[in-house]
Protein chains: 2
Amino acid sequence: MTPGNEAHLALFTDLYELTMAESYLQQGMNQPATFSLFTRRLPVNRGYLVSAGLEDILRYLEALRFSEEEIEFLHGTGLFSEDLLSYLEQFHFTGEVWAIPEGRLYFPDEPVVEVTAPIIESQLVETFILNQVNLQSLIATKAARCLSAGQGRTLVDFALRRTQGTDAGMKAARCSYLAGFASTSNVLAGKRYGIPLAGTMAHSFVSSFEHEIDAFRAYASSFPDNAVFLIDTYDTLSGAHKAAVVAKEMEGQGHRLRAVRLDSGDLIALSRQVRLILDQAGLDYVEVFASGSLDEYSVETVLDAGAPIDGFGIGTKMGVSADAPWLDNAYKLVKYNDRPILKLSAEKVTLADEKQVYRLRDKNGMFAEDVIARREERLTPEAEPLLIRVMEGGRIIQPPPSLKEIRQRFQEEFSRLPALYKALREPPSYPVRLSHGLLRLQEEAKRYAEQEEVRLP
Amino acid sequence: MTPGNEAHLALFTDLYELTMAESYLQQGMNQPATFSLFTRRLPVNRGYLVSAGLEDILRYLEALRFSEEEIEFLHGTGLFSEDLLSYLEQFHFTGEVWAIPEGRLYFPDEPVVEVTAPIIESQLVETFILNQVNLQSLIATKAARCLSAGQGRTLVDFALRRTQGTDAGMKAARCSYLAGFASTSNVLAGKRYGIPLAGTMAHSFVSSFEHEIDAFRAYASSFPDNAVFLIDTYDTLSGAHKAAVVAKEMEGQGHRLRAVRLDSGDLIALSRQVRLILDQAGLDYVEVFASGSLDEYSVETVLDAGAPIDGFGIGTKMGVSADAPWLDNAYKLVKYNDRPILKLSAEKVTLADEKQVYRLRDKNGMFAEDVIARREERLTPEAEPLLIRVMEGGRIIQPPPSLKEIRQRFQEEFSRLPALYKALREPPSYPVRLSHGLLRLQEEAKRYAEQEEVRLP
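What comes next concerns the included structure. Note that the coordinates shown come from a computational prediction; the quantities given were computed from them, not determined experimentally.

### Some details on the overall build of chain A
For chain A, the helix and strand inventory stands at 16 helices and 19 strands. Considering chain A as a whole, with its 457 residues, one finds that 63% of them fall into the buried category. Taking as baseline every contact in chain A between residues at least 6 positions apart, the subset at least 24 positions apart corresponds to 75%. Carbon together with sulfur atoms contributes 49% to the accessible area of chain A, which is approximately 15,900 Å² in total. Of the charged side chains in chain A, 49 are positive and 64 negative, and the gap between their average positions amounts to 5 Å.

Here is the structure:
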């Protein structure tokens, strides 16, 4: 198997998932349990999150088995009974999953995934599910912010070399494309996900030639209709003049240089000067492309200053979500054996029971408010339920949408979110309230827990 | 293959590595090239970096091949000639690698890996090499900082659920153990790397029982000599009293509760109160373990306040290196076809030529200064060369050290770094200078590049 698409994930789990399984089995406790995956609060400067990661979760759940070798390892730890090991030998996931589809927006406290299964099963799968939603929703959200900042410019994923590992590199390509990036430099992501590929040249290419202009000529001869010259290896303006010389030579042979790329220095000033050099040489069709430690904040700055830049390569800071590198998400038990459950830990209260999230629109079709309700509650007919049942009896109900379909769904969804929530800095909170039914249940469950559990001896 | 240990990595590369290969091949340019991987500047509050990731890099280089399916995909892009595709069909890495071994410390501008091979080969492997050093050195460094803050307390890796993907989860376990963590919750990392496993119970376990105390009793009966109770599901002090009741019951059966875990609230105040409850019940042997959004800064704060905490579970913020989620590292051409090469881009100047790094100690054996030199330069006999030749002709020279050996090397190495460079906030810069030979070469190469390349037409 290849990065971002691994098999043999059964042991990709926290030890306590297995020690709890041992204890549940010994207690004869394996009734249905529902776990809810939600985010407690949005990371800094975020006004929304983008749902992503569901396809990987569903494929994991469908494929999950313990191999003989894995059972053998668990046996060797000395922690587990023969009963548990036999149980794990037969293990497969038999439960049900509800989820907010990939590419849709969600907000704090809203369950983005709910898993119902015998508690040993629904508990055991916690770690991988959290891991993937944390990564993919994080990156899709960061990429959506870059899209807002880019004002329609072409954005390309350049993150692969500095993502946090191989899986993150694959998912950065997937999730940035999902959120509207045009292409990726990641060749394997092109193959796996069908994402268009893009690439230019490295500084090493330029400097491996005795003269910069020879590097441009060599590249142009290999890619006469698809060349982008990197012009800052020695000096950006000097590089722009040489690029213009080679571009005119290419014209003579019936070809056109596509773009030049700036990768360092003051992008606002340099892009203006480079644009001028190109225009004065009659090369107004040659685009100016910029890269180098960019993110939504710097893209906004250079575009607000009117820099004539046609596209951006966005790498590390998008690929690691640099200003907010994790989501404060959790996977919490909300119902066990028909009993709604909540947790009272300081600042970490959870909402009990299985849920549905309803989205209400204003008269222009823009998102106005979300309501978190109990799953069986019905709101007005216009209220759109966001959670869909996607797995039943451990089987995916219908083939997941293609990445292109998810990308289109995101585009439609994002256009319905009022602009104020897309502000890159300190956006207001999108309105999310609890339904009357859920509120009442919370109060009951809280009273019960406090009465029963918080008495000091 | 499983996470963190993938095969089929040939396409895990940036597109430009392949388009440059196309152009090099057409130009008949495939002379030996040396690339140097180094960090331009340390992330915020860092005084050092820990070398990590080398074993994965070497295994990747040894195994790297293009499968028929991968060649077919590249063919389908329409970008590449039959010549290049034939070349890739036969491709294997034939080069040489020098590196600073895993577990050693390094500083800005020091090459931690240098790769010499025909330029198509040494260029093509850039992406994966950068990706792995970025991740593993980043996490090993973050974990080392937690170790400093922990003042000898037991530290456990709890990061798996919120690392940036599966590979990062595996490498977080590996690199935190390398830097001195005692154990991990990641079961697969226990199997793969032989790291001791640790785990307690989740809030869901407690709340799946009708009463908290029943959960403690059930767990104690499954793990009578190895139980840690999570006591904050409803109320930490109330949980501590119940834990004490069950611990006394366990004593009656000849067993001992190992620890209780706090996961929320004011850890300083709560740990004192919980310690008191345990001590008053005659349970002074029961340890207090803390977790919940911890990092080196918060561990330092609670220990400086004298909180009676015996161990820490450190998760997300270590696993994503939250305050500095990437390294500003680069992989730059420094020599091609016997010509030393440097790059002059604004703020991104690189040092030319193949290098060695020498470490000098003071009379107490503590690290005093590093000198970056040309590889063939010899300094005084006491100067210890850090870069070792680890691969020749595409083959690993000798089996890489075990993770335990690397861990020991780190411990020894870290003890030699003066404490001031380990400060968690704004440490001074460790002295790194260039040798006379390297300085002279830089000036020559710079003069050459400026004369030849920075003339405006």
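### What to know about the sheet that holds strand S13 (residues 339-340) of chain A
Within a beta sheet, neighbouring strands are joined by backbone hydrogen bonds and run either parallel or antiparallel to one another. Residues and elements named next belong to chain A. Strand order across the open sheet formed by 7 strands is S13-S12-S1-S5-S3-S17-S18, with antiparallel pairing between neighbours. Two strands lie at the open edges of the sheet, namely S13 and strand S18 (395-396), each paired on one side alone. Bridge analysis of strand S3 (residues 96-99) against strand S17 (residues 388-392) gives 3 bridges, and the strand direction is antiparallel. Paired with Trp-98 across the strands is Arg-389, a residue of S17. Taken strand by strand, helix H2 (residues 54-63) contacts S3, strand S5 (113-118), S17 and S18, and its axis lies near 25° from that of S17. Packing of helix H6 (residues 126-150) onto the sheet brings it into contact with strand S1 (32-39), S5 and strand S12 (329-336), and relative to S12 it is tilted by some 135°.

### Comments concerning the sheet that holds strand S10 (residues 287-290) of chain B
All names here are of chain B. Taken in spatial order, the 6 strands of this open sheet run S7-S6-S11-S10-S9-S8, and their pairing is parallel. Two strands bound the open sheet, and with one partner strand each, they are strand S7 (183-184) and strand S8 (228-230). Two elements, S10 and strand S11 (residues 311-314), share 2 bridges in a ladder whose sense is parallel. The residue of S11 that forms the bridge with Ala-290 is Phe-312.

### Considerations on unusual backbone geometry
Residues and elements named next belong to chain B. Of note, the phi angle at Gln-151 is positive, near 45°, even though the residue is not glycine. Inspection of the secondary structure assignment puts Gln-151 in the loop between helix H6 (126-150) and strand S6 (154-157). By relative accessible area, Gln-151 is classed as partly exposed at 47%. Positive phi values are uncommon outside glycine, yet Glu-426 reaches one of about 45°. Following the sequence through the fold, Glu-426 ends up in the loop between helix H15 (403-415) and strand S19 (432-434).

### Describing the side chain of Gln123(A)
The topology assignment puts Gln123(A) in helix H5 (residues 119-124). By relative accessible area, which is 1% here, Gln123(A) ends up buried. In terms of polar contacts, Gln123(A) uses its side chain to reach the side chain of Glu17(A), at 2.8 Å. When sequence neighbours within four positions are dropped, the list of residues in contact with Gln123(A) reads Glu17(A), Met20(A), Phe35(A), Ala202(B) and Ser204(B).

### Looking at the interface of chain B and chain A
At the interface, 120 residues of chain B touch 120 residues of chain A. Between chain B and chain A, the buried area comes to about 9,800 Å², and carbon and sulfur atoms account for 59% of it. One can count 8 salt bridges joining chain B with chain A. For Arg161(A), the salt bridge is made with Glu126(B), and the minimal N-O distance between the two is 3.1 Å. Summed over the shared surface of chain B and chain A, the result is 56 residue pairs in polar contact (both at pLDDT 80 or more). It is helix H1 (residues 15-27) of chain B that contributes the most residues to the side of chain B that touches chain A, 11 residues altogether. Its residues assigned to classes, the side of chain B that touches chain A shows 54 nonpolar, 40 polar and 26 charged.

### Here we look at the pattern of salt bridges
Once the charged atoms of two side chains with opposite charge are near each other, the side chains can pair. Residues and elements named next belong to chain B. Summed over all chains, the structure comprises 80 salt bridges over all chains. Glu-384 serves as the salt-bridge partner of Arg-104, at 2.9 Å between the closest nitrogen and oxygen. Residue Arg-104 is located in the loop between strand S3 (96-99) and strand S4 (105-106), and its partner Glu-384 is located in strand S16 (residues 384-385); the two are separated by 280 residues in the primary sequence. Under the relative-accessibility criterion, Arg-104 is labelled buried at 9%. Linking Glu-300 and Arg-425 is a salt bridge whose minimum nitrogen-to-oxygen distance equals 3.4 Å. Remark: Arg-425 occurs in the loop between H15 and S19 and Glu-300 occurs in helix H13 (residues 296-304); sequence separation between them is 125 residues.

### Describing the packing of helix H10 (residues 212-222) of chain A against H1(B)
As a packed pair, H10(A) and H1(B) sit with axes 9 Å apart at the nearest point and diverge in direction by 100°. The angle between H10(A) and H1(B) places the two elements in the roughly perpendicular class. Contacts from Ala218(A), Tyr219(A), Ser221(A) and Ser222(A) of H10(A) reach H1(B) at Thr19(B), Met20(B), Glu22(B), Ser23(B), Gln26(B) and Gln27(B). By residue class, the composition of the contact of H10(A) with H1(B) is 3 nonpolar, 6 polar and 1 charged.

### Remarks on the relation of the copies chain B and chain A
Note on the copies: chain B fits chain A at an RMSD of 0.0 Å, the axial shift is 0.0 Å, and the rotation between them is 180°. In symmetry terms, the pair is related by a two-fold rotation axis.

### Some words on the packing of aromatic side chains
All names here are of chain A. Enumeration over the complete set of coordinates arrives at 32 aromatic pairs over all chains. Summarising the aromatic geometry, the rings of Tyr-48 and Phe-414 are spaced 5.3 Å apart at their centres and angled 65° between planes, so their arrangement reads as edge-to-face. Taken together, the residues span a long stretch of sequence, with Tyr-48 in the loop between S1 and strand S2 (49-50) and Phe-414 in helix H15 (residues 403-415) at a distance of 366 residues. Residue class for Tyr-48 comes out buried when judged on its relative accessible area of 2%. When its relative accessible area of 7% is taken as the criterion, Phe-414 is described as buried. Measuring from centroid to centroid gives 6.1 Å for Phe-158 and Phe-289, while their planes differ by 55°, and the two rings are tilted.

### Comments concerning a negative patch on the surface
Residues and elements named next belong to chain A. Together, Glu-68, Glu-72, Glu-82, Asp-83 and Glu-89 make up a region of like negative charge exposed at the surface. Within the residue set of the negative patch, elements represented by two or more residues are helix H3 (68-77) and helix H4 (82-89). The greatest single-element share of the negative patch, amounting to 3 residues, is contributed by H4. Given a relative accessible area of 57%, Asp-83 falls into the exposed group.

### As for the pairing of strand S15 (residues 367-374) of chain A
Residues and elements named next belong to chain A. By the bridge criterion, 7 bridges tie strand S14 (residues 355-361) to S15 in an arrangement that is antiparallel. Bridging across to S15, Tyr-358 finds its partner in Val-371. Turn length for the S14-S15 hairpin, with the two strands adjacent in sequence and antiparallel, is 5 residues, and the turn residue Gly-365 shows positive phi of about 85°.

### Some words on the environment of Thr19(B)
All names here are of chain B. Residue position: Thr-19 is located in helix H1. Accessibility expressed as a relative area gives 3% for Thr-19, which makes it buried. Placed 65 residues apart in sequence, Thr-19 and Leu-84 show a C-alpha to C-alpha distance of 9.5 Å.

### Side note on helix H13 (residues 296-304) of chain A
Residue and element names in this part refer to chain A. Taken together, the buried positions of H13 are occupied by Glu-296, Tyr-297, Val-299, Val-302 and Leu-303. As for H13, its buried residues are in contact with H6, helix H12 (267-280) and strand S11 (311-314). You can read the cap of H13 off the contacts: a side-chain oxygen lies 3.0 Å from the backbone nitrogen of Tyr-297, and it is on Asp-295.

### Points about the packing of helix H1 (residues 15-27) of chain A against H4(A)
Each pair of packed helices gets described by two things: the angle between the helix axes and the distance between those axes. All names here are of chain A. Viewed as axis vectors pointing N to C, H1 and H4 meet at an angle of 110°, and their least axial separation amounts to 10 Å. Considering the angle they form, H1 stands roughly perpendicular to H4. Where H1 abuts H4, its residues Leu-18, Ala-21, Glu-22 and Leu-25 lie against Asp-83, Leu-84, Tyr-87 and Leu-88.

### So, the environment of Ile231(B)
Residues and elements named next belong to chain B. Its place among the elements puts Ile-231 in the loop between S8 and helix H11 (236-252). Along the chain, Ile-231 and Gly-194 lie 37 residues apart, while their C-alpha atoms are 30 Å from each other. Setting aside its immediate chain neighbours within four residues, Ile-231 contacts Glu-212, Phe-216, Thr-236, Gly-239, Ala-240, Ala-243, Val-260, Arg-261, Leu-262 and Val-274.

### Concerning H6(B)
If you check H6(B), its first and last C-alpha atoms are 36 Å apart, about what 25 residues at 1.5 Å a residue would give, namely 36 Å. Counting buried positions along H6(B) gives 23 out of 25 residues, so the element sits mostly inside the fold.

### Brief notes about the side chain of Gln136(A)
Residues and elements named next belong to chain A. Tracing the chain through its elements places Gln-136 in helix H6. Here Gln-136 falls in the buried class, since its relative accessible area comes to 0%. A distance of 2.8 Å separates a polar atom in the side chain of Gln-136 from a polar atom in the side chain of Gln-132. Not counting chain neighbours up to four residues away, the residues in contact with Gln-136 comprise Ala-52, Gly-53, Asp-56, Glu-102, Lys-171, Arg-174 and Cys-175.

Rules used in this analysis
- Every chain is numbered independently, its residues counted from 1 as its sequence is written.
- Labels are handed out in written order, letters beginning with A for the chains and numbers beginning with 1 for the ligands.
- Thresholds applied to this predicted model are a pLDDT of at least 70 for local features of residues and 80 or more for the giving and counting of side-chain atom pairs; totals over whole chains, interfaces and linings are not thresholded and use all residues.
- Remark: hydrogens and water are excluded; side-chain values derive from all non-hydrogen atoms of the structure.
- A helix here means a DSSP run of H or I that spans at least four residues, while a strand means a run of E at least two residues long, and both kinds are numbered starting from the N terminus.
- Relative accessibility under 20% of the residue-type maximum defines a buried residue, over 50% an exposed one, and the middle range a partly exposed one, all with a 1.4 Å probe and only protein chains included.
- A contact between two residues is defined here by any heavy atoms of the two lying within 4.5 Å.
- Here the Shrake-Rupley method, with its probe set to 1.4 Å, supplies the accessible areas, and only the displayed protein chains count as covering residues.
- Residues scored as charged are limited to Lys and Arg (positive) and Asp and Glu (negative), so that His and the chain ends carry no count.
- Positions of charges follow a simple convention, taking NZ of Lys, CZ of Arg, CG of Asp or CD of Glu.
- Two strands qualify as a pair provided DSSP detects at least 2 bridges between them.
- Axes here mean lines fitted to C-alpha atoms, for a helix over just the part in contact, with angles spanning 0 to 180 degrees between N-to-C directions.
- Distance and chemistry together define a polar contact, namely a pair of N or O atoms within 3.5 Å, with one atom able to donate a hydrogen and the other to accept it when in protein, and with adjacent residues in sequence counting only for side-chain atoms on both sides.
- Note on definitions: buried area is the accessible-area loss of two parts on being combined, 1.4 Å probe, summed for both.
- Note on definitions: salt bridges are taken to be side-chain nitrogens of Lys or Arg within 4 Å of carboxyl oxygens of Asp or Glu.
- Under this grouping Gly is polar, as are all residues other than the nonpolar Ala, Val, Leu, Ile, Met, Phe, Trp, Tyr, Cys and Pro and the charged Asp, Glu, Lys and Arg.
- For classification purposes, an angle smaller than 35 degrees is called roughly parallel, one larger than 145 roughly antiparallel, one from 65 to 115 roughly perpendicular, and anything else oblique.
- A residue counts toward the fit only if its pLDDT is at least 70 in both copies, and the copies are then superposed by least squares on the C-alpha atoms of those residues.
- Stacked, tilted and edge-to-face pairs are distinguished by plane angle, under 30 degrees for stacked and over 60 for edge-to-face with tilted covering the rest, among Phe, Tyr and Trp rings (Trp via its six-membered ring) whose centres lie within 6.5 Å.
- Candidate patch residues must exceed 30% relative accessible area and have no salt bridge, after which like charges are joined if within 9 Å and Val, Leu, Ile, Met, Phe, Trp or Tyr side chains if within 5 Å.
- One fewer than the residue count of a helix, multiplied by 1.5 Å, yields its expected span.

Spatial relationships are all this shows, so hold off on functional conclusions.
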